[in-house]
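# Reading the structure
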Amino acid sequence: MESSDVQRGRGRSPFDLIMNQIRRKRTTSDRKSTSGRFLSRQAESGGLPEDREAEEERDGAGVVPGPTDPAESVCDMGWGRVCVFVKRLGKRADSRTLSLAHCDLTATDVLELATLLPSLSLLEEMDLSWNELIGGCLRSLTSHLQNVGGLRTLRLSCCRLTADDITALGEALKCVPVLEVLDLSWNAGIGGSALQGIVGKLHPTLRELNLVACQLTETDATILGGIVSVLPRLCVFDASCNPLLAHTQTDAEDGSMSKTEPGKGSVWGLGGLVSSLSHTPSLTTLRLHDCGLTTQSLGLLGGSFHCLRSLCQLDLSCNKGVAGGLSLLSPHLALLSHLGGLDLHLCCLTHTDLQALIQALPSLTELTELDLSSNKEVGGVVSDIVSALPLSQIKLLPLNGCSLNQESLSALALAMPYLQCIDVSWSKMVGGRLALLLEALQPSATQELRLSSCDLTTDDLLHLAVVCKRGVLSSLRVLDLSYNGGVGEEGWCGLLGEGGLGSLEELDLSLRPLTSKPSLLTSNPSPLTWLPTLLSAFPHLPALTRLSLQRWTLTAQVHTHTHTHTH
């Protein structure tokens, strides 16, 4: 017996012998709860000898394993470390995709990840977004990017990146020659010339560049021009939420430099970028939402459209400085024969702007989405807009916050059969006239119906209930009826009791803050009578994932009634 034990112990380290005695006294459940760090050590060594012996005994005694390839063993150990690291963060390991967004990564985690990259040679996508603690230490990771030369997607949004991080990234980009997607959005530290660190470093393979909310300035616009000019395959460019991007500096009378106001002054802050777009003939999506665009910016941008004939999506929304200047852009829209989506919401468009747009709409034969919401002047020209659109293919035409009138609703009814998403929120004219729109709906076409703050009445909801019962809204996924305090209990019960909303995922029945006080419950009924109806409707809403009932009053009496009902 002793000689047998000696033979079995031959070749082992003292540590293995000690661990053997310890593990013999531990239960199987205890072994499974070993800490991540200890598991990592096991992975590196290929597991503890005792476990291997137990497996050998189960598989058959006396079977002598053949020689193991050292390179293969090293690879297995490295992958084991990757699995342990990723599992510790609540994720699953994948040899081609590393998604560690929202993982609260620290500088130490980044260092450990860097040592794991040699075991991820097949990696194609890396997402470290929304880890704000890794800002300032990106160099420790980028210095190892040569181990993942096949990387195609790199996302680093909201990581508090610094100028040094961008410089380090630029130095490492030569190691990832097939990179196609780079997302640096929501990193305020990038603004102010930090982008200079990647000028000339990106490869022509890049197809998507996202720089949303990076506090970019007019100086950065010029730098971006240098970056974009060498990206002939670029398809998606998003520089949204950079309100200083199109602003520039002009000489004041005293010789100092001063910022121009939106809608005024020079356009040279954006000129370097826009002129470089002529080198991106493959561009399909251009987003400049809330970039401080001016009327002069529109003229400059329109002049580049002859080089952007592949453009499918154009977002110029939330640029109030373009008001009165759409006539400088509209004549060039005809060059965008493939334009499918145009977003101009919240641009303070004037009647003259809208007339210029209406003249250009017939030439946009592939247009499927037009967003003119939150422009009050739109309400007076809805009829002209609908007449100019290719109605049979329009899927999205939101008109919320557009001061709609009776004529507007009649014109919109013509487009209703084709729309997938209908939004007329904040239009008081809809109240008492909802039937006009509902009767125009076609079965299974509408996916979203938003009627927030429309002064809806009880009769309006009863009409909606009838439409639901007919199955017209069987494909509806989103229904927003919030801020309609004038609806009586009969209306809520009628809608919730008729069914026909089997695909509904989101339902909002919230009240506006000012009408939630007990003294106003005459216009906003307590859920006492219709809450049980809602509970009874749940079995007929199998897809429902979000229900909002904000500011309704749930009294003790209602609670007791509901408790009795549910039991």
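Definitions and limits used
- Residues numbered from 1 in each chain as written.
- Predicted model: local features only at pLDDT ≥ 70, side-chain atom pairs only at ≥ 80, totals over all residues.
- Heavy atoms only, no water.
- Helix = DSSP H or I, 4+ residues; strand = E, 2+ residues; numbered from the N terminus.
- Buried < 20%, exposed > 50% of the residue type's maximum accessible area, 1.4 Å probe, protein only.
- Contact = heavy atoms within 4.5 Å.
- Areas by Shrake-Rupley, 256 points an atom, 1.4 Å probe, with all protein chains shown as cover.
- Polar contact = N/O pair within 3.5 Å; in protein donor to acceptor, adjacent residues only side chain to side chain.
- pLDDT = per-residue confidence, 0-100.
- Lys, Arg positive; Asp, Glu negative; His and termini not counted.
- Salt bridge = Lys/Arg side-chain N within 4 Å of Asp/Glu carboxyl O.

## Points about the overall build of the protein
When its secondary structure is counted, the protein shows 21 helices and 17 strands. The burial tally for the protein puts 47% of its 567 residues in the buried class. Contacts spanning at least 24 positions in sequence make up 84% of the contacts within the protein whose residues lie at least 6 apart. Within the structure as shown, the protein displays about 26300 Å² of accessible surface, and the carbon and sulfur contribution to it stands at 54%.

## Side note on helix α16 (residues 406-415)
Because each turn of an α-helix spans 3.6 residues, side chains separated by three or four positions end up pointing in the same direction. Within α16, burial applies to Ser408, Leu409, Ala411, Leu412, Ala413 and Ala415. Measuring from the backbone nitrogen of Glu407 back to the side-chain oxygen at the start of α16 gives 3.2 Å, which picks out Asn405 as the cap.

## A short note on the environment of Leu396
The topology assignment puts Leu396 in the loop between α15 (382-388) and α16. Since its relative accessible area comes to 23%, Leu396 is described here as partly exposed. Distance in space between the C-alpha atoms of Leu396 and Gly341 is 8.9 Å, their sequence separation being 55 residues. When residues no more than four places from it in sequence are discounted, the contact partners of Leu396 are Thr368, Glu369, Leu370, Leu419 and Cys421.

## Quick look at unusual backbone geometry
With a phi angle near 50°, Asp290 is a residue other than glycine that sits in the positive phi range. The residue Asp290 is located in the loop between β9 (285-287) and α12 (295-302) in this model. Asp290 gets classed as partly exposed once you look at its relative accessible area, which sits at 27%. Despite not being glycine, Ser453 has its phi angle at roughly 50°, a positive value. Mapped onto the elements, Ser453 comes out in the loop between β14 (448-450) and α18 (458-469). You can call Ser453 buried: its relative accessible area is 0%.

## Some points on the side chain of Ser129
Relative to the assigned elements, Ser129 resides in the loop between β2 (125-127) and α8 (139-142). In this structure, Ser129 is in contact with Leu100, Ala101, His102, Arg155, Leu156, Ser157 and Cys159, ignoring residues within four places of it in sequence.

## Considering the confidence of the model for the protein
Residue-level pLDDT values for the protein average 84, and 78% of them are 70 or greater. In the model, residues 249-267 has pLDDT below 50 throughout and makes 33 contacts with residues more than four positions away in sequence or in other chains.

## A closer look at the side chain of Asp353
Turning to its location among the elements, Asp353 is positioned in helix α14 (residues 351-360). In this structure Asp353 is buried but unpaired, with Lys320 as the nearest side chain of opposite charge at 14 Å. A distance of 3.0 Å separates the side chain of Asp353 from the backbone nitrogen of Leu326, its partner in a polar contact. Engagement of the side chain of Asp353 in a polar contact is seen with the backbone nitrogen of Thr350, the distance being 3.0 Å. When sequence neighbours within four positions are dropped, the list of residues in contact with Asp353 reads Val322, Ala323, Gly324, Gly325, Leu326, Ser327 and Cys348.

## A look at the pattern of salt bridges
Per the stated rule, a full pass over the model turns up 10 salt bridges. The residue Asp109 makes a salt bridge to Arg88 at a minimum N-O spacing of 4.0 Å. Placement of Asp109 in helix α7 (residues 107-116) and of Arg88 in helix α6 (residues 70-88) is noted, with a sequence separation of 21 residues between them. The shortest N-O distance in the salt bridge between Glu112 and Arg88 comes to 3.0 Å. Placement of Glu112 in helix α7 and of Arg88 in helix α6 is noted, with a sequence separation of 24 residues between them. Residue classification places Glu112 among the partly exposed residues on the basis of a relative accessible area of 25%. Looking at Arg88, the relative accessible area reads 43%, which means it is partly exposed. Taken together, the salt bridges that share partners define one network made up of Arg88, Asp109 and Glu112.

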